[in-house]
Amino acid sequence: MKTRLTGLELLALGFMTFALFLGAGNIVFPPQVGVGAGAAFWPAALGFLATAVGLPLLGILAVARVGGGLETLTAPLPRLAALAFGLGIYLAIGPLFALPRTGTVAFEMGMRPFVSLSDGAGLALHSLLFFGLATLLALMPGRLMDIIGKWITPLLILLLGLIALATLVAPQGPLGETQAGWRAAPFAEGFRNGYLTMDTLASLVFGILIVTAIRDRGIHEPRLVARYTLWAGIIAATCLAAVYLPLTYMGATSHELAAQAGSGELIPTYVAALFGPWGPVLLAAVITLACLTTAVGLLTACGEYFHGLWPRLPYRLLVIAMGGFAILVANQGLETLIRVSIPVLVTLYPPAIVLILLSLIRPWLGDAPRVFRWALSLTLVASLLDGLVATELAGVADTAGALQQHLPLGETSFGWLLPALAGTLLGLAASRRQRLLET
């Protein structure tokens, strides 16, 4: 039995983890944070890093600590609640939102300049080829670390490093004016925008892929698995932060160059200004590699999860079906996918954060099921209000917004914090009362 990973293997594991996370949202949203923040670059960037780097790292650690995937993390919950929570997360980061978004972003920001077909036909053809290749790679899950960690990611890091260095050395303008919606609480706005990367949700899914990759190398001792998972997470978090800060700075200094650019236009415009005719080629390589690795990871993780739920459905069939479904959803376009996903993510994120934090301290909770149920129930009630507000539906959003204002910190997207804390304390009190009754 192998007792340790070599330095190269550990680095490859960290690179694989980084590549799994670095996908569509990780490239699209940091510049948008910079656009909104402008001169308030640092507080907004730190808020974004909290949800897009810090929380995913904690999610990986939580998976390593409990020694299993989302099913193990949600074990203290009632069976139906755990199943509903798991399905919500896997559907959001899988076939409904994150997975099709990888193909759409790869087309909008990478391949569009090289496609002479109409937008609809070009996106359809690209989606077919992109998800066809991603599905093919996902049918070989045992080779993820070799294919992604040792070959694709080093090239991706090199290309991203070129863009980051050029952005910092030759910004295309000064820091812009902070937009109205960001002036009051730039940190909170950055924090909420970090939800859109879906990385905290993905950490609950990718964590088990990392643990499996370690075990596939012959490491089975829980202490060593947890240690190597921690190092993989640290390597990935460092790389992600090194990508996010320059991209956020890119958005903050883009006001003169791309004042009216949409979600998929800002980076191509900026990179073209930095690198001239080579800009679109460089960006196409970066975007395609980043989105492809994430698509492979999502297909693999979701395929294994749904196969675990329904063992009669073969893993290969599930992966192929999700790849085909992603082709259909991707053709709805990037703006539509972002708009529809926001209410779902705003609802799912706070319970996921609380789940991660409780899982890290689970050994000290005593009656963990009671604490989990109280804390997650009250958190979900508060996050549902946030989700309804985010729908922007007339009547529904207004009513939910009025109720939201009664929650402390409700106007800053942190209205779930006190309900989560109250639920934790109520669960601990109920647990202590039950022990007293039994003695």
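Here the structure is a predicted model, which means the values were calculated and not measured.

Examining the overall build of the protein
Then comes step 1: A count of helical and extended segments in the protein gives 19 helices and zero strands.
Then comes step 2: Taking 439 residues into account, the globule formula puts the C-alpha radius of gyration at 22 Å, and the protein, at 21 Å, falls close to it.
Then comes step 3: If one aligns the C-alpha atoms of the protein with their principal axes, the spans along those axes are about 75 × 55 × 40 Å.
Then comes step 4: Buried residues in the protein amount to 55% of all 439 residues.
Then comes step 5: Of all intrachain contacts in the protein linking residues separated by at least 6 positions in sequence, the fraction that spans at least 24 positions is 82%.
Then comes step 6: For the protein, the exposed surface amounts to about 18200 Å²; the carbon and sulfur share of it is 69%.
Then comes step 7: Of note, the protein has its 23 positive side-chain charges centred 14 Å away from the centre of its 20 negative side-chain charges.

Quick word on helix α13 (residues 266-275)
Then comes step 1: Within α13, burial applies to Leu-266, Ile-267, Tyr-270, Val-271 and Leu-274. Projected down its long axis, α13 carries its buried residues within an arc of 115 degrees, all on one side.
Then comes step 2: Directly beyond the C-terminal end of α13, a positive phi value near 65 degrees is found at Gly-276.

Things to note about the nonpolar core
Then comes step 1: Core analysis: the biggest nonpolar cluster contains 134 residues, and Leu-13, Leu-22 and Ile-267 have the highest contact counts within it.
Then comes step 2: When residues of this core are assigned to their parent elements, the largest contribution, 16 residues, is made by helix α14 (residues 279-309).
Then comes step 3: Beyond its immediate chain neighbours, meaning those up to four positions away, Ile-267 contacts Ile-27, Pro-31, Met-109, Leu-247, Met-250 and Leu-283.

A short note on unusual backbone geometry
Then comes step 1: Despite not being glycine, Met-198 has its phi angle at roughly 65 degrees, a positive value.
Then comes step 2: Of note, Met-198 is situated in the loop between α10 (186-193) and α11 (199-216).
Then comes step 3: Residue Met-198 is classed as buried on the basis of its relative accessible area of 2%.

Thoughts on empty space enclosed by the protein
Then comes step 1: Inspection of the entire model under this criterion finds four cavities of 30 Å³ or more.
Then comes step 2: Its volume calculated, the largest cavity comes out at about 90 Å³.
Then comes step 3: Ala-98, Thr-197, Asp-199, Thr-294 and Leu-298 are the residues nearest the centre of the largest cavity, which is lined by 16 residues in total.
Then comes step 4: Secondary-structure elements contributing two or more residues to the lining of the largest cavity are α1 (7-21), α2 (24-37), α6 (98-111), α11 and α14.

Some words on a nonpolar patch on the surface
Then comes step 1: A surface patch of nonpolar side chains, about 340 Å² in accessible area, is lined by Leu-91, Leu-96, Phe-325 and Leu-328.
Then comes step 2: For the nonpolar patch, the secondary structure elements donating two or more residues are α5 (79-96) and α15 (315-330).
Then comes step 3: With respect to the element layout, Leu-328 can be found in helix α15.

Side note on helix α16 (residues 334-360)
Note on helix geometry: an α-helix contains 3.6 residues per turn, so any two residues three or four positions apart are oriented the same way.
Then comes step 1: By the largest-angle criterion, Ile-342 marks the main kink of α16, which is about 35 degrees, and a proline, Pro-343, follows within four residues.
Then comes step 2: Counting buried residues along α16, 19 of its 27 residues qualify, which places the element largely inside the surrounding structure.

Examining the packing of helix α17 (residues 368-391) against helix α19 (residues 417-438)
Then comes step 1: At a closest axis distance of 7 Å, the pairing of α17 and α19 adopts a crossing angle of 155 degrees. As the angle between them shows, α17 and α19 are arranged roughly antiparallel. Viewed along their axes, α17 and α19 form a crossing whose handedness is right-handed. Contacts between α17 and α19 involve Arg-370, Val-371, Trp-374, Ala-375, Leu-378, Thr-379 and Ala-382 on the former and, on the latter, Pro-419, Ala-420, Ala-422, Gly-423, Thr-424, Leu-426, Gly-427, Leu-428, Ala-430, Ser-431 and Gln-434.

A word on the side chain of Thr-424
Then comes step 1: Along the chain, Thr-424 falls in helix α19.
Then comes step 2: For Thr-424, a relative accessible area of 16% translates into the label buried.
Then comes step 3: A polar contact of 2.9 Å, which involves the side chain of Thr-424, links it to the backbone oxygen of Ala-420.
Then comes step 4: Apart from the residues lying within four places of it in its own chain, the contact partners of Thr-424 are Leu-358, Val-371 and Ala-375.

Points about the packing of aromatic side chains
Then comes step 1: Here the structure, examined in full by the defined rule, presents 13 aromatic pairs.
Then comes step 2: When the centroid spacing of 5.3 Å and the interplanar angle of 70 degrees are considered together, the rings of Tyr-305 and Phe-306 count as edge-to-face. For the pair Tyr-305 and Phe-306, one class covers both residues: buried.
Then comes step 3: Taken together, the aromatic side chains of Phe-187, Phe-191, Tyr-195, Tyr-349 and Phe-414 make up a single cluster linked through ring pairs.

Side note on the packing of helix α3 (residues 41-66) against α11
Then comes step 1: It is at 8 Å that the axes of α3 and α11 come closest, and there the two elements cross at 40 degrees. As summarised for this structure, α3 and α11 are arranged oblique, according to the angle between their axes. Crossing hand, α3 versus α11: right-handed. Taken together, the residues of α11 that come into contact with α3 (itself represented by Thr-51, Ala-52, Leu-55, Pro-56, Gly-59, Ile-60 and Val-63) are Asp-199, Thr-200, Ser-203, Leu-204, Gly-207, Ile-208, Ile-210 and Val-211.
Then comes step 2: For the contact of α3 with α11, the per-class residue count stands at nine nonpolar, five polar and one charged.

With respect to the pattern of salt bridges
Then comes step 1: All chains considered together, the criterion is met by five salt bridges.
Then comes step 2: The salt bridge involving Arg-217 is made with Glu-9; its shortest N-O contact spans 3.9 Å. Taken as a pair, Arg-217 in the loop between α11 and α12 (222-252) and Glu-9 in helix α1 lie far apart in primary sequence, 208 residues in all. Note on accessibility: Arg-217 and Glu-9 belong to one class, buried.
Then comes step 3: Residues Asp-367 and Arg-370 are paired through a salt bridge, measuring 2.6 Å at the closest nitrogen-oxygen approach.
Then comes step 4: Given a relative accessible area of 30%, Arg-370 falls into the partly exposed group.

What counts, and where the lines are drawn
- Per chain, residues are indexed from 1 in the order of the written sequence.
- With pLDDT at 70 or above as the cut-off, local features in this predicted model cover only qualifying residues; side-chain atom pairs require 80 or more to be listed or tallied, and sums for whole chains, interfaces and linings still use all residues.
- Processing note: side-chain calculations cover all non-hydrogen atoms of the structure and skip hydrogens and water entirely.
- Each helix corresponds to a stretch of at least 4 residues labelled H or I by DSSP, and each strand to a stretch of at least 2 residues labelled E; elements are numbered beginning at the N terminus.
- Radius of gyration: over C-alpha atoms. The globule rule applied is 2.2 Å multiplied by the number of residues raised to the 0.38 power.
- Categorising residues by exposure relies on relative accessible area from a 1.4 Å probe, with only protein chains included: less than 20% of the type maximum marks a residue as buried, more than 50% marks it as exposed, and the intermediate range marks it as partly exposed.
- We call two residues in contact whenever any of their non-hydrogen atoms come within 4.5 Å of each other.
- Values of accessible area rely on a 1.4 Å probe in the Shrake-Rupley scheme; residue burial ignores everything except the protein chains shown.
- Only four residue types enter the charge count, namely Lys and Arg as positive and Asp and Glu as negative; His and the chain termini do not.
- A single reference atom marks each charge: NZ on Lys, CZ on Arg, CG on Asp, CD on Glu.
- It is the directions from the helix axis to the C-beta atoms that the arc portrays.
- Remark: nonpolar core denotes a set of buried residues (Ala, Val, Leu, Ile, Met, Phe, Trp, Tyr, Cys) joined through side-chain atoms within 4.5 Å.
- Buriedness for pockets is judged along seven lines, at least five of which must meet protein on both sides within 12 Å for an open set on the 1 Å grid over protein atoms alone, while cavities are sets there where a 1.4 Å probe fits but cannot get out, and lining residues have an atom within 4 Å of a point.
- Grid points are joined across faces, edges and corners, and a volume is the space filled by probe spheres set on the points.
- Each patch is built from salt-bridge-free residues with over 30% relative accessible area, joining like charges within 9 Å and nonpolar side chains (Val, Leu, Ile, Met, Phe, Trp, Tyr) within 5 Å.
- Put simply, a salt bridge is a Lys or Arg side-chain nitrogen that is within 4 Å of an Asp or Glu carboxyl oxygen.
- A residue's bend is simply the angle between two axes: one fitted to the seven residues ending at it, one to the seven starting at it.
- Axis definition: a line fit to C-alpha positions, over the contact stretch in the case of helices; interaxial angles, taken between N-to-C directions, run 0 to 180 degrees.
- In this scheme, roughly parallel covers angles under 35 degrees and roughly antiparallel covers those over 145, while 65 to 115 is roughly perpendicular and the rest are oblique.
- Here a crossing is taken to be left-handed if its near helix is turned anticlockwise relative to the far helix by less than a right angle, and right-handed if that turn runs clockwise.
- Side-chain atoms alone can form a polar contact between residues adjacent in sequence; in general such a contact is a pair of N or O atoms within 3.5 Å, and within protein one must be able to donate a hydrogen while the other accepts it.
- Two aromatic rings, drawn from Phe, Tyr or Trp (for Trp, its six-membered ring), form a pair once their centres lie within 6.5 Å of each other, and the interplanar angle then sorts them: stacked below 30 degrees, edge-to-face above 60, tilted otherwise.
- As a working rule, the residues Ala, Val, Leu, Ile, Met, Phe, Trp, Tyr, Cys and Pro are called nonpolar, Asp, Glu, Lys and Arg charged, and the rest polar, with Gly in that last group.

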